[in-house]
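The chain contents come next:
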Amino acid sequence: MGKPKHMTNKQNPFAKKKRNNKEKGAEPPARRDKPYESIVLENESFEAYYKHQQICKDETEWAQFMAHMRRNLPVTFRITGSKAQAMLLLKLIKQDFFEEYFRAVKELRKEEPDALVEPPRCLEWYPREMAWQLELSRKDIRRSEPLFKLHNFLISETSSGYISRQEAVSMIPPLVLGVQPHHKVLDMCAAPGSKTAQLIESLHAGDGGTIPSGFVMANDVDNNRCYMLVHQTKRLNSPCFLVTNGDSSTFPSMQYTKDGVVCPLKFDRVLCDVPCSGDGTLRKNADIWNKWNLAQASNLHGLQYRILKRGAELLEVGGKLVYSTCSLNPIENEAVLHHLLKESEGALEIVECSDALPTLKYSTGLTYWEPASKDLTFYKTFDEVPESQRTVLRPGMFPPSKEDAVDKYHLNRCLRILPHQQNTGGFFVALLEKKNALPWETVAAVGTDGQESSETPIVEPPPKKAKYMRGFKEDPFVFFDEKEEVFDSLNKFFQLSADFEPRNLLTRCRVGKKKNVYFCSSIVRDIVQLNEKRVKIINLGVKSFVRCATRNIECDFRLASEGLANVNPFIGSQRRVMVQKQDLIALLSCTDPTRPPEISSLTADTQKNLQGVASGSCVLECMVDDVKLATVGWKGAMSLRAYVDQYDTMHMLRLLGGDLTKFEKNKFQDKRTAEEALDEVEKQDEDDDVTVDDVTADDVEPTAVPESSEVA
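Residue indices begin from 1 for each chain and proceed along its sequence in written order. The predicted origin of the model limits local features to residues at a pLDDT of at least 70 and limits the giving and counting of side-chain atom pairs to 80 or more, whereas totals for whole chains, interfaces and linings rest on all residues. As a rule here, side-chain values come from all non-hydrogen atoms in the structure, and water together with hydrogens is ignored.

### Concerning the overall build of the protein chain
In step 1: Counting from the N terminus, the helices are DSSP H or I runs at least four residues long and the strands are E runs at least two residues long. When you go through the protein chain residue by residue, the secondary structure sums to 21 helices and 27 strands.
In step 2: With 712 residues in all, the protein chain has 50% of them scored as buried.
In step 3: By definition in these notes, contact holds between two residues if any of their heavy atoms fall within 4.5 Å. Taking as baseline every contact in the protein chain between residues at least 6 positions apart, the subset at least 24 positions apart corresponds to 74%.
In step 4: Just so you have it, the protein chain exposes about 37,200 Å², and 49% of that area is on carbon and sulfur atoms. Three exposure classes are used, based on accessible area relative to the maximum for each residue type with a 1.4 Å probe and protein chains only: buried under 20%, partly exposed in between, and exposed over 50%. Surface exposure here means Shrake-Rupley accessible area, sampled with a 1.4 Å probe, where a residue is shielded only by the protein chains that are shown.

In structure tokens, the structure reads:
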């Protein structure tokens, strides 16, 4: 039986188009001879709409606002607060990095050596001088040869997890959320992950020697963006972190074990950084100038409201939630908040958050706005909206009375950051506190084996529409049991302390040899085991042990550098070696893995400390300015090496004061060298290329024929 008529290629429009092009002998389009035209940084509808909403106080401020909107966004970065070496790195940045910055900027701008250069600016509202702004654009840093060392520094330190390049206003939501090490945190729309990384840092900001009792759960609806999220956050190596893939507006109710009883999981902190039109990012996404229109905000309002509502339902009473967007539009901001606050009947309240951001300049939330149609027709009330527009403009988009906006809903407590106020992007932030259970939440007691539990308000998500969820099928998360043979080997060789929980180790395969062993916290393990069938889990755990079968070594596993910070407190003294500073520099500077430094070449103190240490994986420790650096090493019969990747090597050498010359790459010089080599080859080919037309008969020597040859 043949294919149905609608399935034949002749009826397939794409196949038909391809066939027609082939018959016509169509050629692929030629490359552009001219560069793309520069984007015109203007949009009449944008200016008319925001002028009407009066987001600026007067014409003078409006002119400043628009002027900054058309400028490139400066580069900002922050030093990660969860790393023990943060203060040491800050000290080095102030000494060495700033000096190189001044020199490079003067060369870039072709200024005199004694000319004044605006120094990197510390973001005063960010704690402990951990965030800095450079008066350079991303384009300046990437494409300017004088700044190649600065570019290399940013890449290496970002890759090793000791700094994060992040837009200044994007740092605000995690700050006002106030995450503590014991908090259960949910990031509902987490990808690409810069704010999630900041939440993880806050979770680990306590005593560096202990694993936090809380966790961060990061979710995103897009499967591909979930892997981007994993890539962004894995450099922080947190065992208290997991990534899920699901629709935030219908995120499932989950469970966890509290004091031996299974209870509904409610979060202490929730971040709702919802999808938005993004017009606050015009300084770095110039293509929005041509695309911006009011339909975007109107279409997103409903989704934003549903995500915020679900976040509030998952929030513990007494917990806090941040609602944020990179949009300036009140339809996506104040209108969404008012919509939910009105329904919550006092259970939710917008609270002040400016105290957490000293010196930050901002505008207060709008207390009045007017929704508009795509053609910029403004409406004061929903009754004025024509029937044809009522599917686009909904009642929840309209403001309350000006008195209720301040006294009842406290919309003036929201923060709207405008670009001209401190040379940043545009952003909106509001902090909500859950005072009571929401009116539609039910109270249920959940327990196992008849045990009682505290009554917890719960609400199930709205039913999902049947749809195909794209994405990869994840490998299983297989946790160790108490009789795991692999753990016996690890425990014996690394002398793990008695308080190490073997059930927190896991692999990603059910059969065959275990190649990598991962480590997670107890609460993350508990959540995964109770909720694997409720939500798709993408990633969790930090690689801590790697199979490395070597002859004459008692254990088939070595330590993984990614997980060292987490398992290091549990490792016994027999697998630790204190090395001298100059020895660690020598180990890190060795780039030939086949020729590691001989133990006999190290200092006497290091050689003494190596005595009695059996061959195999070990922890190398070194003191630098009262800060203990630790890295993974391998002791051989006659040699010692450091197991560190390139970026961590550069970071540690930077802290130790070692030479980074062999790791510095000048891509501009490399390109010139490659071009010169190519030119030399082409020139040589031209010299050797003598065509037949250039050779005359007189130039050809006659070939002698031997006398003994016979000619037919």
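Continuing now.
### What about a negative patch on the surface?
In step 1: Exposure above 30% relative accessible area and the lack of any salt bridge qualify a residue for a patch; like charges then connect within 9 Å, and the nonpolar side chains Val, Leu, Ile, Met, Phe, Trp and Tyr within 5 Å. In what follows, salt bridge is the name for a side-chain nitrogen of Lys or Arg lying within 4 Å of a carboxyl oxygen of Asp or Glu. When charges are tallied, Lys and Arg are placed among the positive residues and Asp and Glu among the negative ones, while His and the ends of the chain are skipped. Note that the charge is assigned to NZ on lysines, CZ on arginines, CG on aspartates and CD on glutamates. Residues E675, E676, D679, E680, E682, D685 and E686 make up a contiguous surface patch of negative charge.
In step 2: Inspection of the secondary structure assignment puts E680 in helix 21 (residues 667-688).

### Focus on the pairing of strand 1 (residues 75-79)
In step 1: The element strand 1 is largely enclosed, with a buried count of 5 among its 5 residues.
In step 2: Neither face of strand 1 is exposed, since V75, F77 and I79 on one face and T76 and R78 on the opposite face are all buried.
In step 3: A pair of strands is labelled paired if DSSP reports no fewer than 2 bridges between them. Here 4 bridges tie strand 1 to strand 3 (residues 131-134), and the two strands are oriented antiparallel to one another. Across the sheet, residue T76 finds its bridge partner in strand 3, namely Q133.
In step 4: Where strand 1 lies against strand 4 (residues 163-165), 3 bridges are found, and the strand directions are antiparallel. Bridge pairing in strand 4 links R78 to S164.

### A closer look at the pattern of salt bridges
In step 1: One pass over the structure, following the stated rule, counts 28 salt bridges.
In step 2: Note that E201 and R78 form a salt bridge whose closest N and O atoms lie 2.5 Å from each other. One end of the pair, E201, is in helix 8 (residues 194-203); the other, R78, is in strand 1, with 123 residues separating them in the sequence. Accessibility classification places E201 together with R78 in one group, the buried group.
In step 3: For the salt bridge of E349 with K435, the shortest nitrogen-to-oxygen distance reads 4.0 Å. Residue E349 is located in strand 12 (residues 348-351), and its partner K435 is located in the loop between strand 15 (427-434) and strand 16 (442-444); the two are separated by 86 residues in the primary sequence.
In step 4: The class for E349 is partly exposed, based on a relative accessible area of 23%.
In step 5: A cluster of three or more residues bridged by salt bridges with shared partners is formed by E349, R413, E433 and K435.

### Structural notes on a positive patch on the surface
In step 1: On the surface, R138, K139, R142, R143, R165 and K667 cluster together into a positively charged patch.
In step 2: Top element by residues in the positive patch is helix 5 (residues 138-143). It accounts for 4 residues.
In step 3: With respect to the helices and strands, the residue K667 is situated in helix 21.
In step 4: Judged by its relative accessible area of 43%, K667 falls in the partly exposed class.

### Examining the packing of aromatic side chains
In step 1: Classification of ring pairs rests on two measures: the distance between centres of Phe, Tyr or Trp rings, Trp counted by its six-membered ring, which must be within 6.5 Å, and the angle between planes, read as stacked under 30 degrees, edge-to-face over 60 and tilted in between. Evaluated as defined, the whole model comprises 22 aromatic pairs.
In step 2: Their ring planes at 50 degrees and their centres at 6.0 Å tell us that Y49 and W292 sit as a pair that is tilted. Of this pair, Y49 sits in helix 2 (residues 44-53) while W292 sits in the loop between helix 10 (288-291) and helix 11 (294-313), and the two are 243 residues apart along the sequence.
In step 3: Classification of Y49 by relative accessible area gives buried; the value is 0%.
In step 4: Residue class for W292 comes out buried when judged on its relative accessible area of 6%.
In step 5: Judged by centre distance (5.1 Å) and plane angle (65 degrees), the ring pair of F98 and W132 falls under edge-to-face. One end of the pair, F98, is in helix 4 (residues 86-108); the other, W132, is in strand 3, and 34 residues separate them in sequence.
In step 6: Given a relative accessible area of 5%, W132 falls into the buried group.
In step 7: What links up through ring pairs into an aromatic cluster is the set F46, Y49, Y50, W289, W292 and F378.
In step 8: Lysine and arginine charges are scored as sitting over a ring when NZ or CZ, respectively, is within 6 Å of the ring centre and within 35 degrees of the ring normal. Just above the ring of Y643 sits the side chain of R558; from NZ or CZ to the centre is 4.5 Å.

### Regarding the packing of helix 8 against helix 9 (residues 223-233)
In step 1: Where helix 8 meets helix 9, the axes come as close as 9 Å, and the angle between the chain directions of the two elements is 45 degrees. When the interaxial angle is binned, helix 8 and helix 9 end up oblique. With respect to the hand of their crossing, helix 8 and helix 9 are arranged in right-handed fashion. Touching S194, T196, A197 and I200 of helix 8 are L229, Q232 and T233, all from helix 9.
In step 2: When residue character is reported, Ala, Val, Leu, Ile, Met, Phe, Trp, Tyr, Cys and Pro are called nonpolar, Asp, Glu, Lys and Arg charged, and the others, Gly included, polar. Partitioned by chemical class, the residues of the contact of helix 8 with helix 9 number 3 nonpolar, 4 polar and no charged. Only the stretch in contact is used when a helix axis is fitted, and all axes are lines through C-alpha atoms; the angle between N-to-C directions ranges over 0 to 180 degrees. Roughly parallel here means an angle under 35 degrees, roughly antiparallel means over 145, roughly perpendicular means 65 to 115, and every remaining angle is called oblique. Each crossing gets its hand from how the near helix is turned against the far one by less than a right angle, where anticlockwise is left-handed and clockwise is right-handed.

### Considering the sheet that holds strand 23 (residues 557-559)
In step 1: Strand order in this open sheet of 5 strands is 18-19-20-22-23, and the pairing throughout is antiparallel. The sheet is open, and its two edges are formed by strand 18 (478-479) and strand 23, each paired on a single side.
In step 2: Note: strand 22 (residues 542-547) against strand 23, 3 bridges, orientation antiparallel. In the sheet register, F545 faces strand 23, and the bridge partner there is L559.
In step 3: Helix-sheet contacts for helix 15 (residues 485-494) involve strand 19 (505-507), strand 22 and strand 23, and the interaxial angle to strand 23 is about 55 degrees.

### Focus on the pairing of strand 11 (residues 315-325)
In step 1: Pairing geometry for strand 10 (residues 267-273) and strand 11, over 6 bridges, is parallel. If you follow R269 over to strand 11, its bridge partner there is K320.
In step 2: Bridge count for strand 11 against strand 15 is 6 bridges, and the pairing is antiparallel. In the sheet register, T325 faces strand 15, and the bridge partner there is F428.

### Regarding the UniProt feature "active site" (unreviewed entry) in the protein chain
In step 1: According to UniProt, the "active site" (unreviewed entry) feature falls on C326.
In step 2: Not counting residues within four places of it along the chain, the set of residues in contact with C326 comprises C276, G278, D279, G280, T281, G426 and F427. UniProt positions are given in the numbering used here, feature names are shortened, and annotations may be inferred rather than shown by experiment.

### Considerations on the environment of Q198
In step 1: Mapped onto the secondary structure, Q198 falls in helix 8.
In step 2: On the accessibility criterion, Q198 (2% relative accessible area) is buried.
In step 3: Each C-alpha atom, one on Q198 and one on L175, is 8.3 Å from the other, the two residues being 23 residues apart in sequence.
In step 4: In this view, Q198 contacts R78, Y126, Q166, S170, M171, P174 and L175; residues no more than four positions away in its chain are not counted.

### Notes on the sheet that holds strand 4
In step 1: With antiparallel pairing, 4 strands are arranged side by side in an open sheet as 2-3-1-4. The outermost strands of the open sheet, each flanked by one partner alone, are strand 2 (121-122) and strand 4.
In step 2: Taken together, the 2 bridges between strand 2 and strand 3 define a ladder with antiparallel strand orientation. From the neighbouring strand, C122 faces strand 3, where its bridge partner is W132.
In step 3: The strands touched by helix 4 within the sheet are strand 1, strand 3 and strand 4, with strand 1 carrying the most contacts at an inclination of about 150 degrees.
In step 4: Against the sheet, helix 6 (residues 148-159) makes contact with strand 1, strand 3 and strand 4, and its axis sits at roughly 115 degrees relative to strand 4, the strand it touches most.

### Some thoughts on the environment of T257
In step 1: Position of T257 among the secondary structure elements: in strand 8 (residues 255-258).
In step 2: Separated by 266 residues in sequence, T257 and I523 place their C-alpha atoms 8.1 Å apart.

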